[in-house]
Amino acid sequence: MFWFLLITMVVVVAAVTLAVVGGGDSEVLPDAAPEQLVDPLPLSRPVDRADVEALRLPVTARGYRMEDVDDVLDRLAAELAERDARIAELEAALAGAPAGEPAEGDER
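Quick caveat, the model's predicted, so the values are computed rather than measured.

Moving on, we get to the overall build of the chain. Scanning the chain for helices and strands turns up 3 helices and 2 strands. Mapped in sequence order, the helices and strands of the chain form the string α-α-β-β-α. By the burial criterion, 10% of the 108 residues in the chain qualify as buried. Counting only contacts in the chain whose residues sit at least 6 apart along the sequence, the fraction spanning at least 24 positions is 51%. As presented, the chain carries roughly 9500 Å² of accessible surface, and 63% of it is formed by carbon and sulfur atoms.

Below you can see the structure in the form of C-alpha coordinates.
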(Lines give C-alpha, C1' and ligand atoms only; values in the text may rest on other atoms or scores of the structure.)
Protein backbone atom coordinates (compact mmCIF):
# COMPACT_ATOMS: atom_id res chain seq x y z
CA MET A 1 0.00 0.00 0.00
CA PHE A 2 2.87 2.38 0.80
CA TRP A 3 4.44 1.87 -2.63
CA PHE A 4 1.12 2.51 -4.35
CA LEU A 5 0.68 5.84 -2.53
CA LEU A 6 4.29 6.83 -3.21
CA ILE A 7 4.03 6.05 -6.93
CA THR A 8 0.67 7.84 -7.16
CA MET A 9 2.11 10.91 -5.45
CA VAL A 10 5.13 10.95 -7.79
CA VAL A 11 2.85 10.66 -10.84
CA VAL A 12 0.62 13.51 -9.60
CA VAL A 13 3.60 15.78 -8.87
CA ALA A 14 5.10 14.99 -12.29
CA ALA A 15 1.77 15.72 -14.04
CA VAL A 16 1.34 19.05 -12.25
CA THR A 17 4.95 20.03 -13.02
CA LEU A 18 4.52 19.18 -16.70
CA ALA A 19 1.25 21.10 -16.84
CA VAL A 20 2.85 24.20 -15.32
CA VAL A 21 6.15 24.27 -17.21
CA GLY A 22 5.26 22.10 -20.19
CA GLY A 23 4.25 25.03 -22.40
CA GLY A 24 7.75 25.34 -23.82
CA ASP A 25 8.51 28.83 -25.15
CA SER A 26 4.90 30.01 -25.11
CA GLU A 27 3.47 31.78 -22.08
CA VAL A 28 0.79 30.12 -20.00
CA LEU A 29 -1.52 33.13 -20.38
CA PRO A 30 -0.65 35.59 -23.12
CA ASP A 31 -1.00 39.28 -22.32
CA ALA A 32 -4.26 40.67 -23.60
CA ALA A 33 -4.36 44.15 -25.02
CA PRO A 34 -6.31 46.42 -22.67
CA GLU A 35 -9.70 47.51 -23.88
CA GLN A 36 -9.96 51.18 -24.70
CA LEU A 37 -13.02 53.34 -24.34
CA VAL A 38 -14.08 54.41 -27.82
CA ASP A 39 -16.00 57.71 -27.83
CA PRO A 40 -18.83 56.51 -25.57
CA LEU A 41 -20.87 59.69 -25.46
CA PRO A 42 -21.80 62.02 -28.33
CA LEU A 43 -19.94 65.32 -28.45
CA SER A 44 -22.27 66.97 -30.96
CA ARG A 45 -25.39 66.90 -28.77
CA PRO A 46 -26.40 66.59 -25.12
CA VAL A 47 -26.28 63.13 -23.60
CA ASP A 48 -29.67 61.47 -23.26
CA ARG A 49 -30.94 58.46 -21.35
CA ALA A 50 -30.35 56.03 -24.23
CA ASP A 51 -26.69 57.09 -24.40
CA VAL A 52 -26.18 56.36 -20.71
CA GLU A 53 -28.02 53.03 -20.93
CA ALA A 54 -25.93 51.97 -23.94
CA LEU A 55 -22.65 52.98 -22.27
CA ARG A 56 -20.39 50.01 -21.53
CA LEU A 57 -17.06 50.75 -19.90
CA PRO A 58 -14.13 48.45 -20.67
CA VAL A 59 -13.12 46.07 -17.90
CA THR A 60 -9.54 45.42 -16.85
CA ALA A 61 -8.03 42.80 -14.56
CA ARG A 62 -8.90 44.82 -11.45
CA GLY A 63 -12.24 46.20 -12.58
CA TYR A 64 -13.02 49.30 -14.60
CA ARG A 65 -10.34 51.68 -15.84
CA MET A 66 -10.47 54.57 -13.39
CA GLU A 67 -9.51 57.15 -16.03
CA ASP A 68 -12.40 56.13 -18.32
CA VAL A 69 -14.90 56.13 -15.47
CA ASP A 70 -13.70 59.55 -14.28
CA ASP A 71 -14.00 60.99 -17.81
CA VAL A 72 -17.56 59.72 -18.23
CA LEU A 73 -18.62 60.93 -14.78
CA ASP A 74 -17.07 64.36 -15.38
CA ARG A 75 -18.94 64.67 -18.69
CA LEU A 76 -22.25 63.62 -17.14
CA ALA A 77 -21.76 65.97 -14.18
CA ALA A 78 -21.05 68.91 -16.49
CA GLU A 79 -24.13 68.21 -18.61
CA LEU A 80 -26.34 67.83 -15.54
CA ALA A 81 -25.05 71.15 -14.19
CA GLU A 82 -25.85 72.83 -17.52
CA ARG A 83 -29.35 71.38 -17.52
CA ASP A 84 -29.95 72.40 -13.91
CA ALA A 85 -28.84 75.95 -14.70
CA ARG A 86 -31.11 76.08 -17.76
CA ILE A 87 -34.08 74.72 -15.78
CA ALA A 88 -33.49 77.32 -13.03
CA GLU A 89 -33.24 80.06 -15.67
CA LEU A 90 -36.50 78.97 -17.33
CA GLU A 91 -38.31 78.66 -13.99
CA ALA A 92 -37.16 82.15 -13.00
CA ALA A 93 -38.34 83.55 -16.34
CA LEU A 94 -41.66 81.76 -15.97
CA ALA A 95 -42.13 83.01 -12.40
CA GLY A 96 -41.48 86.60 -13.52
CA ALA A 97 -43.81 86.47 -16.56
CA PRO A 98 -47.32 87.92 -16.16
CA ALA A 99 -50.15 85.41 -16.34
CA GLY A 100 -51.31 84.66 -19.87
CA GLU A 101 -48.14 85.92 -21.58
CA PRO A 102 -45.62 83.43 -22.96
CA ALA A 103 -42.23 83.40 -21.26
CA GLU A 104 -39.21 84.82 -23.08
CA GLY A 105 -38.23 82.52 -25.94
CA ASP A 106 -41.54 80.63 -25.72
CA GLU A 107 -43.49 80.78 -28.97
CA ARG A 108 -47.07 79.65 -29.32
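Text resumes after the structure shown.
As a further point, take the pattern of salt bridges. Tallied over the entire structure, the rule returns 7 salt bridges. Arg 45 is the partner of Asp 51 in a salt bridge, and the nearest nitrogen-oxygen pair spans 2.7 Å. Assessed through its relative accessible area of 37%, Arg 45 is described here as partly exposed. Here Arg 49 ties to Glu 53 by a salt bridge, and the two come within 2.7 Å at their closest N and O atoms. Highlighted residues: Arg 49 and Glu 53, both in helix α2 (residues 49-54), separated by 4 residues, approximately one helical turn. Each of Arg 45, Asp 48 and Asp 51 takes part in a single network of salt bridges with overlapping partners.

Its place among the elements puts Leu 43 in the loop between α1 (2-21) and α2. Leu 43 sits in the exposed class, given a relative accessible area of 71%. Between the alpha carbons of Leu 43 and Arg 75 there is a distance of 9.8 Å; along the sequence they are 32 residues apart.

Moving on to a nonpolar patch on the surface. A cluster of nonpolar residues, Phe 2, Trp 3, Ile 7 and Val 11, forms a patch on the protein surface that exposes about 500 Å² of accessible area. By secondary structure assignment, the location of Val 11 is in helix α1. Taking relative accessible area as the criterion, Val 11 reaches 51% and is therefore assigned exposed.

The next subject is the environment of Pro 42. Tracing the backbone shows Pro 42 in the loop between α1 and α2. Those residues in contact with Pro 42 that lie beyond four places of it in its chain are Asp 51 and Arg 75.

Here is what the cut-offs are and how they apply
Starting from 1, residues in each chain are numbered consecutively following that chain's sequence as written. Reporting of local features is limited, given that this is a predicted model, to residues whose pLDDT is at least 70; pairs of side-chain atoms are given and counted only at 80 or more, and all residues count toward the totals for whole chains, interfaces and linings. Hydrogens and water molecules were not included; the side-chain quantities draw on all heavy atoms of the structure. Note on conventions: DSSP H or I runs of at least 4 residues are helices, E runs of at least 2 residues are strands, and numbering of each starts at the N terminus. Any residue under 20% of the maximum accessible area for its type is buried, any over 50% is exposed, and the rest in between are partly exposed; the area is computed with a 1.4 Å probe on protein chains only. When checking whether two residues touch, look at their non-hydrogen atoms; a contact exists if any pair is within 4.5 Å. Each accessible area value is a Shrake-Rupley result obtained with a 1.4 Å probe; residue values ignore everything except the protein chains displayed when judging cover. By definition, a salt bridge exists where a carboxyl oxygen of Asp or Glu is found within 4 Å of a side-chain nitrogen of Lys or Arg. Patch membership requires more than 30% relative accessible area and the absence of a salt bridge. Residues of like charge join within 9 Å; the nonpolar side chains Val, Leu, Ile, Met, Phe, Trp and Tyr join within 5 Å.

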